[in-house]
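# Observations on the model geometry
Below are the chains, spelled out letter by letter.
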Amino acid sequence: MNVHDRSTLSASAPATEGIAFRLNGANVHLGDAPDTRLSEALRGSLSATGTKIGCDAGDCGACTVLIDGAQACACLTPIGQVEGREIITVEGLAKDALGSALQKAFHAHGAAQCGICTPGMLMAGYDLLKRRPQPNEAETQDALGGVLCRCTGYLKIVEAVRDAHLFIEPAPIAPAASGASVGARMTRLDGEPKVAGTEIYGADAAPVDALWLRAVRSPHPRARFTLGDLDAFVASHPGLVRIFTAKDVPGENSFGIYPHLKDQPVFSAGETRYRGECVLAIVGEKDAVEAIRLNEFPIAWEALPPMVGVKAALGESAFILHDFAPDNVLTRGRVERGDVEAGFAQAAHLAAGSFETGFVEHAYIEPEAGYARRVGDTIEVFACTQAPYMDRDEVARVLGLKLEDVRIIPSACGGGFGGKLDVSLQPMLAVAAWVLDRPVRCVFGRIESMISSTKRHPSSIEARAACDAQGHLVAFAMEGDFDTGAYSSWGPTVAGRVPVHATGPYKVPNVCNLSRAVYTNGPPAGAFRGFGVPQAAIAQESLFDDLATAASLDRLEFRLINAIRAGDTTPTGQVLQASAGLAECLEKLKPHWQALLADAAAFNASEGRTRRGVGIGCMWYGIGNTGMSNPSTMRITLDRTGRLTFWNGAVDIGQGSTTVLTQIAADALGLPVEAFTLVIGDTFKTFDAGKTSASRQTFVSGRASEAAAAALRAEILRLTNAGPTAALKLAGTQLLAEENGVIARIDLAALPARADGIVLEGIGSFDPPTVPLDEKGQGIPYATYGFAAQIASLDVDLDLGTIKLNRIVAAHDVGRAINPMLVEGQIHGGIAQGIGLALLEEYLPGRTENLHDYLIPTAGDVPPIDIILVEDAEPLGPSGAKGIGEPALVPTAPAILGAIRHATGVTPRQVPVLPHRLWELLRAQDIGDMAMGDMDIGEETQP
């Protein structure tokens, strides 16, 4: 199967003398300097691009290789140390039966999602298996501990390593079960290149004559700058070609997500607004560009006092960051229904609290990378992205070109989670390539990626909730301020989505939810798996724990009493017609909840320094854009040679859309998945499928794929005069339709063909029906919602404030699991990111700008996860399916915080709950206990 349709690009030839060693069984010689990183030599001089570079600091492990049989980070190894040694990279695994088996196990288990960490994981696993052919779980976690993954949640990786012995030849891997594709645990259609190390990411390919681009960025959160004689600087540095500044942009020197908010410059002009903002770009030969020391560069900085945080930006002494927002408020959101104050006045129980979250880094293991080249009067950009058509629009604006003159070719995307929705290097690459008429490439380093990219919005939330004596919710109010940083990015989406979701998936008759996105001198805050809903859920679920306790109700029962169901009305006035499976999720969690509570009670009876707690969190999440058009269009064709091609504009960033959409199309058409040739994402070849975000691709693009396949099938049945139940078969140029023993044939080679050879096609589009929200937030913001409930069990060391997760149980209403294995992988990965949000991750500009100081969960941080799939079919979805990407993350942090409270009696109101913060809460509780008497902790009203 041809998964990619891309140009063939050359790499530099290996040197023939110098340092000698063996690479994957072959003798090689390098003429590179002895202090050259092995990772750089492998990728650049030897074209072994399967070895990935995620940090160049030994923190992520993506560059892991075997040196004389032991795993090592190639980025920390100078080639002078490998003289005469044996090196194995991912490209060499298939030469060994055990290595090949491990690759097959990864593929079969769905252990490679985005795939950027997969080579490193494979090499670490291979190192272990050579020593321990059937390792236990602890040994496997330990062996993989040096390699970070941001997508999978590690569990399927651990399973794959432990099961590798089962895949020694001749064990086959069937790509799909016979029969229907929908519902099958099918292996990824793009999985084999990922495990083989042949997948092409943004840093893996470029034209051989490409120049190198390096951005110069502000070291200050706010500063003025002046530039010296740049032409003289270029002239005095052989190998430099040109320095690009704001004045060199052919079109508009600005970009942004929304048509009316193009507030971020490609190159800053005079004053920067955040640490990491791009000022200019140096272009030339790579060695010359990288040799420049910025302290010698002709730029003078004048640091200015910044506005740090929302309080500063809204305070009396605040200055105006953007003229069009004189109060520094980018946008406001509102949902109001009923009489909220009357609801509070009549309530039996009240709860209130203030909650804080900070910047969170996406930490995708693949830093931004790509190249641009001018092709006549068009520009072509090859880069990692979640939104090729949005990239096209921004590049066209910056260059002053028509949309049809810009081609975006997405590389494989090594993780995104929302961080690759905004353009990053695309505009400046396009400017340089267009002006110079030379190919230009760029690869961000880890620090550059982290200081320049968008973050999860910090939030300051004040919330109140109330219920009656029986525990029925009667009122909820929230005021949330979200730090959108220096530029708008997805701030309006966050401010609009949060008020809709802030009550959680519950029936609440009286609601008033208000939000603001506020400009500051922080990094731009954009899309990150949930668009503000995870922050709001932390507040709302904590208050509902308060109300459950006040009403003497079990926490799960409280949520079940209030769970929104089909036929109920949401705070926006929308009546849920179908597919509202929260109550079923909770019912299925009950036995797990009761067992874990009993376990915690027994454990805590010992009265030791470690206390066990159990928490629960629920969520709902609107699929797609909020109250606005959200279309996708797909195309499937047959040509005269019998080639069946799926022209799919939906970018797969690891979530599995390439496979899922093909499964949907295969069943709707009536031909097997294996029959399809795939063309993915190229804006010159596919229709716009919309961005890969908001958990929309399975629902929206899946429905469009289903429609395209149905249209092609209808045309085939018309030509064969066959009925709707006819079975189709493709054999060379012969297309057969069999019904009731009668076979009709179409000779595709005999049909009239277009210039490209296509003889039949089906095109399908889908735009979910929504109604924009009015001034009070009333309307139909989403056509459908995902629902979930998760339980967390954990232990707290009362003396140290440290936390150990024991187990998470997750019940998710996905409508229909098109591919259960991929759904499980998304849930694992979302939970891992939720763990990071709750316990580990805090991006502090200037302090945590690498993967050493910014901590994400490792293989040892993710506990066992039990998954329960609830399939409450969505009538609008393809085969009843909804989305899962973001719903997987939202309830995790609330469940963890509830478990901490259950274990200790303290209520965390700030995340992450770092050990020192929890220790301070526990000490404050101790002081309170001494004043008020001892209190019991870790108890729960049994259902």
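Scroll up a little and you will see the structure.
Attention in this report is confined to the structure presented alongside it. The numbering scheme is per chain: residues are counted from 1 as the chain's sequence reads. Reporting of local features is limited, given that this is a predicted model, to residues whose pLDDT is at least 70; pairs of side-chain atoms are given and counted only at 80 or more, and all residues count toward the totals for whole chains, interfaces and linings. Side-chain metrics in this entry use all non-hydrogen atoms of the structure; hydrogen atoms and water are not considered.

## Remarks on the packing of helix α2 (residues 97-109) against helix α5 (residues 155-163)
- Where helices are involved, their axes are fitted lines through C-alpha atoms of the stretch in contact, as for all axes, and angles between N-to-C directions lie from 0 to 180°. Runs of H or I in DSSP of at least four residues are treated as helices and runs of E of at least two as strands, each being numbered from the N terminus. Where α2 contacts α5, the two axes come as close as 8 Å, and the packing angle between them is 140°. Comparing the axis directions of α2 and α5 gives the class oblique. Judged by the twist between their axes, the crossing of α2 over α5 is right-handed. Counted together, Leu102, Ala105, Phe106 and His109 of α2 and Lys156, Ile157, Glu159, Ala160, Val161 and Asp163 of α5 form the full contact between these two elements.
- The class makeup of the residues in the contact of α2 with α5 is six nonpolar, one polar and three charged. An angle counts as roughly parallel when it lies under 35 degrees, as roughly antiparallel when it exceeds 145, as roughly perpendicular when it falls between 65 and 115, and as oblique in every other case. Rotating anticlockwise by less than a right angle from the far helix to the near helix defines a left-handed crossing, while the corresponding clockwise rotation defines a right-handed one. What makes two residues a contact is simply this: any of their non-hydrogen atoms within 4.5 Å. Each residue receives one of three labels: charged for Asp, Glu, Lys and Arg, nonpolar for Ala, Val, Leu, Ile, Met, Phe, Trp, Tyr, Cys and Pro, and polar for the others, Gly being one of them.

## Overview of the pairing of strand β7 (residues 223-227)
- The pairing criterion for strands is at least two bridges between them, as found by DSSP. Relative to strand β9 (residues 271-272), β7 runs antiparallel, the two sharing two bridges. Note on β9: the bridge partner recorded for Arg224 is Glu271.

## Let's talk about the pattern of salt bridges
- The term salt bridge refers to a pairing of a side-chain nitrogen on Lys or Arg with a carboxyl oxygen on Asp or Glu at a separation within 4 Å. Throughout the structure, instances matching the rule amount to 48 salt bridges.
- The residue Asp546 makes a salt bridge to Arg909 at a minimum N-O spacing of 3.8 Å. You can see Asp546 sitting in helix α15 (residues 533-550) and its partner Arg909 sitting in the loop between α21 (892-904) and β34 (910-911), a full 363 residues away along the chain.
- Look at Arg909 and you get partly exposed, because its relative accessible area is 26%.
- Through salt bridges with shared partners, one network takes in Arg222, Arg224, Glu271 and Glu302. Relative accessibility under 20% of the residue-type maximum defines a buried residue, over 50% an exposed one, and the middle range a partly exposed one, all with a 1.4 Å probe and only protein chains included.

## Notes on the packing of helix α20 (residues 820-840) against α21
- Packing of α20 against α21 leaves a shortest axis separation of 8 Å and a crossing angle of 50°. Judged by the inter-axis angle, α20 sits oblique to α21. With respect to the hand of their crossing, α20 and α21 are arranged in right-handed fashion. Here Gly830, Ile831, Gly834, Ile835, Leu837, Ala838 and Leu839 of α20 come into contact with α21, specifically with Thr892, Ala893, Ile896, Leu897 and Ile900.
- Taken together, the residues that form the contact of α20 with α21 break down as nine nonpolar, three polar and no charged.

## With respect to unusual backbone geometry
- Geometrically, the link from Val911 to Pro912 is a cis peptide bond, its omega value of 5° lying close to zero.
- Relative to the helices and strands, Pro912 is located in the loop between β34 and α22 (915-932).
- One non-glycine residue, Phe417, adopts positive backbone phi at about 60°.
- Position of Phe417 relative to the elements: it lies in the loop between β17 (406-410) and α12 (426-436).
- Backbone geometry at Ser879 places phi at a positive 55°, although glycine is not the residue there.
- Mapped onto the elements, Ser879 comes out in the loop between β33 (865-870) and α21.
- Given the relative accessible area of 32%, Ser879 is considered partly exposed.

## A few points about the sheet that holds strand β3 (residues 64-67)
- One open sheet accounts for five strands, arranged β2-β1-β5-β3-β4; its pairing is mixed. What marks the edges here is a single partner per strand, and that holds for β2 (26-30) and β4 (70-73). Sheet twist, expressed as the average angle between the axes of neighbouring strands with direction ignored, equals 40°.
- Pairing analysis gives two bridges linking strand β1 (residues 19-23) to strand β5 (residues 86-88), with the strands arranged parallel. Note that in β5 the partner of Leu23 across the bridge is Ile87.
- Along the sheet, helix α3 (residues 118-131) contacts β3, β4 and β5; its crossing angle with β3, the most-contacted strand, is approximately 35°.

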